[in-house]
Amino acid sequence: DVKVTQSSRYLVKRTGEKVFLECVQDMDHENMFWYRQDPGLGLRLIYFSYDVKMKEKGDIPEGYSVSREKKERFSLILESASTNQTSMYLCASRPRDRNEQFFGPGTRLTVL
Amino acid sequence: GENVEQHPSTLSVQEGDSAVIKCTYSDSASNYFPWYKQELGKGPQLIIDIRSNVGEKKDQRIAVTLNKTAKHFSLHITETQPEDSAVYFCAASKENTGTASKLTFGTGTRLQVTL
């Protein structure tokens with residue numbers, strides 16, 4: 001079974017803090033994605049990566065950065081957290097030769 | 001870029017009835033249309049997908065239809081059961097398995113199956 005794990009299920013941070021969200025997949029997938037999920041807005045793509053050290057902006061990259069130093073790990077970084085970044089963050093991975101994306105359980109981030 | 005609209009946002013049906021969720025997309029070059037189901041406390045999971053070279057696909061109680069001309073596709077669930085209660089997302093993309101093709105998701109439909 002494909003397993004995508006995220007470092008925390010719940011996280012509470014203060015405005016201005018630097019926040020790291022970690023995602024690890026165990027199926028040697030080339031592609032990894034970070035989404036945020038908000039009520040009424042669905043899933044919106046923040047960043048994705050199709051290989052180690054490669055990254056591409058998604059639809060809403062402002063305020064975020066990413067890091068992919070190893071194939072299995074994709075990190076989302078909030079350099080200076082703001083209240084409007086309070087959301088559910090979902091990580092996903094996909095092998096190069098399939099379209100199905102496999103999602104982690106999500107991290108619910110609250111920025112106070 | 002691609003824009004996907006999804007309706008309704010909430011849907012309540014009685015157990016055994018059918019449920020239909022509809023999506024429209026804007027980019028005529030999109031050719032891959034998956035549906036994901038998200039149960040409470042979990043990440044979304046692919047339940048069915050369709051490519052633009054077919055008009056309909058079935059898998060047991062679920063089916064998806066695609067109308068390329070009108071740029072809309074629908075999810076049909078027959079004989080609904082309580083375990084069908086979840087949030088459903090449609091998505092669209094230009095299928096490209098060489099690199100990371102991006103999915104554009106709809107806004108989601110919360111389906112509630114009542115006893």
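Before any of the text, the structure's been laid out above.
First, a word on what this report is: a plain description of the structure on this page. (Residues numbered from 1 in each chain as written. Chains lettered and ligands numbered in written order. Predicted model: local features only at pLDDT ≥ 70, side-chain atom pairs only at ≥ 80, totals over all residues. Heavy atoms only, no water.)

Residues and elements named next belong to chain A. Mapped onto the secondary structure, Asp26 falls in the loop between strand E3 (19–25) and strand E4 (31–38). Separated by 16 residues in the primary sequence, Asp26 and Tyr10 place their C-alpha atoms 22 Å from one another. Here the side chain of Asp26 touches Lys3 through a polar contact of 3.0 Å, landing on its backbone nitrogen. (Helix = DSSP H or I, 4+ residues; strand = E, 2+ residues; numbered from the N terminus. Polar contact = N/O pair within 3.5 Å; in protein donor to acceptor, adjacent residues only side chain to side chain.)

To continue, consider the packing of aromatic side chains. Taken as a whole and judged by the stated rule, the model has 13 aromatic pairs over all chains. Measuring from ring centre to ring centre gives 5.7 Å for Phe103(A) and Tyr36(B), while their planes differ by 80 degrees; the resulting arrangement is edge-to-face. Taken together, the positions of Phe103(A) in strand E10 (residues 102–103) and Tyr36(B) in strand E4 (residues 32–38) put the pair across two chains. With relative accessibility at 11%, the residue Phe103(A) sits in the buried group. Exposure remark for Tyr36(B): the relative accessible area of 0% places this residue in the buried category. Considering the side-chain rings of Phe103(A) and Phe105(B), the 6.3 Å spacing of their centres and the 75 degrees angle between planes classify their relative orientation as edge-to-face. Taken together, the residues span two chains, with Phe103(A) in strand E10 and Phe105(B) in strand E10 (residues 104–105). Three or more aromatic residues joined by ring pairs make a cluster, and in this case those are Phe33(A), Tyr35(A), Phe48(A), Phe103(A), Tyr36(B), Phe89(B) and Phe105(B). (Phe/Tyr/Trp six-rings, centres within 6.5 Å; stacked < 30°, edge-to-face > 60°. Buried < 20%, exposed > 50% of the residue type's maximum accessible area, 1.4 Å probe, protein only.)

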